[in-house]
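Topology and contacts: notes
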Amino acid sequence: MTLRLYDTATRSVRDFVPREAGKVGVYLCGLTLQGPPHIGHLRSGVNYDVLRRWLLARGFEVRFIRNLTDIDDKILVKACEQDRPFWSIAYANERALTAAYRSLNVLPPTYEPRATGHIPEMHELIAKLIDTGHAYPATDGSGDVYFDVASWPAYGALSGQSPDAMQAADDAPERGKRDPRDFALWKGAKPDEPADAYWPSPWGRGRPGWHIECSAMCWRYLGEEFDIHGGGLDLTFPHHENEIAQSQAAGLPFARYWVHHGLLGIGGAKMGKSLGNALDLAYVASLGVRPIELRYYYAAAHYRSHIDYTEDSLREWASGFRRIEGFVQRAAERVGPGGLGELPVGFVAAMDDDLNTSAALAVLQEVLREGNTALATGDDVTVRTALGSARAMLDILGIDPLDEAWTGGGRVDDLRGVVDSLVALALEQRAQARSRKDWAAADAVRDQLKLAGVVVEDTPQGPRWTIGEQD
């Protein structure tokens, strides 16, 4: 079987053939750090983490680059509003993003470059474009440099738009442009922006435009040509369209496949802080939904599909994951956790089919049914096989409940030990009450634990407790 991915550039599902056998270079457009991440942002990290895990499972060596945009118009507006250095705002939001990805078990990228660390590469690309007639410095004294859209006949091919029908690029005033559609590669210093948000350049003191940042970082870490460029569907135009134009005009073949994920909206609208509808991980936690359940919610939908968020749908998917988790825990108690087993043929076929996680989860449910039946009949051989297979599938999706990423480490382990001891003490009191047939006292202990979020289930092997709601 061959992995097939939907390529936005050709509008078709294509066999994935890497540039170099056995190796894959992936670039994912990361966040612009004007604010902390919301759950719409975090879908991107999870979707491409599943792609990366699948590439690894298929035997590829993966170089995964996820950039950070730490200099941008929006960040500078925040800096002026808050009277803070722009880099202070960007760094605080970078740390919040890192913590959020860690809580969702998103593997760290091979490299996570910041835009401000790659000004020389941007200057080199801009100079190439000017020398080849594809860019020009503005003549209005602004210090801006623009890409000449009319000089690139293929402009609009990625997004399927005709340049004649395009509106003006809104990233800079039109006064210095030859054509309203031209976009900024370099932005000259402005008196109403922070004084420290600039670098020297051959065209005057200024800062990079948004689009040139990604082209420079792709070039620096993945070379002139690489395999997969990813990002949200909302980046197809103008951001990715502009990346292709400026990179190829500078002589770089650039990305071989364009893989875009669908967005997470709310009430039919895009989620965003400017719209006042952005929800973060703290909000999700207030609903009693754990990060592993939120990740399942993301992974269950096909990566190219739109998700319209509602509390009810999130709770429903969280409840569904708890049933999966329940089998894994019961089976591990019965036969031991074991290791990751073989991936079912149907699961592999589904993932190779443009990462069809919906079909892959249907295969998982079949294995869970077999495993639960085996648990009921005492067939430990089948239980062990089902557990290993289920864990292998869940590992690809990043939601294996027995993975150390979810069971804890360091301080989390210390807290887990404290909780274990306290719950064990409460369960011992409950057992003593039951032994003397004081059912009211036993029920009171169980009810108090439930109020604290600890659900107790009586099993043939003794009481078992979990965090969360009992279905």
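Residues numbered from 1 in each chain as written. Predicted model: local features only at pLDDT ≥ 70, side-chain atom pairs only at ≥ 80, totals over all residues. Heavy atoms only, no water.

1. Here we look at unusual backbone geometry
- Looking along the chain, the bond that leaves Phe237 and enters Pro238 is cis, with omega of 5°.
- By secondary structure assignment, the location of Pro238 is in helix H6 (residues 236-249).
- With phi around 55°, Arg11 is a residue other than glycine that occupies positive phi space.
- Here Arg11 shows up in the loop between strand S1 (4-7) and strand S2 (12-15).
- Positioned with a positive phi, Leu355 is a non-glycine residue whose angle comes to about 55°. (Helix = DSSP H or I, 4+ residues; strand = E, 2+ residues; numbered from the N terminus.)

2. Observations regarding the pairing of S1
- Of the two faces of S1, the one lined by Leu5 and Asp7 is fully buried and the one lined by Arg4 and Tyr6 carries no buried residue.
- As defined by bridge partners, S1 adjoins S2 across four bridges and the pair is classed as antiparallel. Note on S2: the bridge partner recorded for Asp7 is Ser12.
- Counted between consecutive antiparallel strands, the loop separating S1 from S2 contains four residues, among which Arg11 sits at a positive phi close to 55°. (Buried < 20%, exposed > 50% of the residue type's maximum accessible area, 1.4 Å probe, protein only. Pairing = 2+ DSSP bridges.)

3. Here we look at the state of the cysteines
- For the structure shown, the criterion picks out zero disulfides.
- Free of any disulfide, Cys214 has its nearest cysteine sulfur in Cys29, 3.8 Å distant.
- In this structure Cys214 comes out as buried when scored by relative accessible area, which is 1%.
- With no disulfide partner, Cys218 has as its closest neighbouring cysteine sulfur the one in Cys214, 6.2 Å distant. (Disulfide = S-S within 2.5 Å.)

4. Some thoughts on the packing of aromatic side chains
- Throughout the structure, instances matching the rule amount to 15 aromatic pairs.
- Members of the aromatic cluster, each reached through a chain of ring pairs, are Phe147, Tyr155, Phe183 and Phe237.
- Directly above the ring of Tyr136 sits Arg178, whose terminal nitrogen or CZ lies 4.0 Å from the centroid.
- Lying over the aromatic face of Tyr6, Arg304 brings its terminal NZ or CZ to 4.3 Å of the ring centre. (Phe/Tyr/Trp six-rings, centres within 6.5 Å; stacked < 30°, edge-to-face > 60°. Lys NZ or Arg CZ within 6 Å of the ring centre and 35° of its normal.)

5. Digging into helix H3 (residues 86-103)
- For H3, which comprises 18 residues, the first-to-last C-alpha distance of 26 Å matches the rise-based estimate of 26 Å (1.5 Å per residue) to within 8%.
- For H3, the full list of buried residues reads Phe86, Ile89, Ala90, Asn93, Glu94, Leu97, Ala100 and Tyr101. Take H3 and look down its axis: the buried residues cluster within an arc of 130°, on one side only. Projecting away from the buried face of H3 at angles above 90 degrees are the exposed residues Arg95 and Arg102.
- Those residues of H3 that are buried lie in contact with helix H1 (39-57), strand S4 (61-66), helix H2 (73-82) and helix H7 (281-286).
- Of the residues trailing H3, Asn105 is marked for its positive phi of about 60°. (Expected span 1.5 Å × (residues − 1). Arc of directions from axis to C-beta. Contact = heavy atoms within 4.5 Å.)

6. Digging into helix H5 (residues 210-222)
- For H5, spanning 13 residues, the distance from its first C-alpha to its last is 19 Å, which sits close to the expected 18 Å at 1.5 Å a residue.
- Of all the 13 residues making up H5, eleven are buried; the element is thus mostly covered by neighbouring parts of the structure.
- Within H5, the full set of buried residues consists of His211, Ile212, Glu213, Cys214, Ser215, Ala216, Met217, Cys218, Trp219, Tyr221 and Leu222.
- Gly223 sits one or two positions beyond H5 and adopts a positive phi of about 90°.

7. What about the sheet that holds strand S3 (residues 23-28)?
- Read from one edge to the other, the open sheet built from four strands follows the order S4-S3-S9-S10, with strand pairing classed as parallel. Since the sheet does not close on itself, it has two edges, and those belong to S4 and strand S10 (254-261), each with one partner. For this sheet the average axis-to-axis angle between neighbouring strands, irrespective of direction, equals 25°.
- Across three bridges, S3 lies against strand S9 (residues 225-232) in parallel orientation. When the bridges of S9 are listed, Val26 appears paired with Ile228.
- In the packing of H5 onto the sheet, the strands contacted are S3, S4, S9 and S10, and the crossing angle to S3 comes to about 160°.
- Each of S9 and S10 touches H6; the most contacted strand, S10, lies at about 175° to it. (Axes fitted to C-alpha atoms, helices over the stretch in contact; angles between N-to-C directions.)

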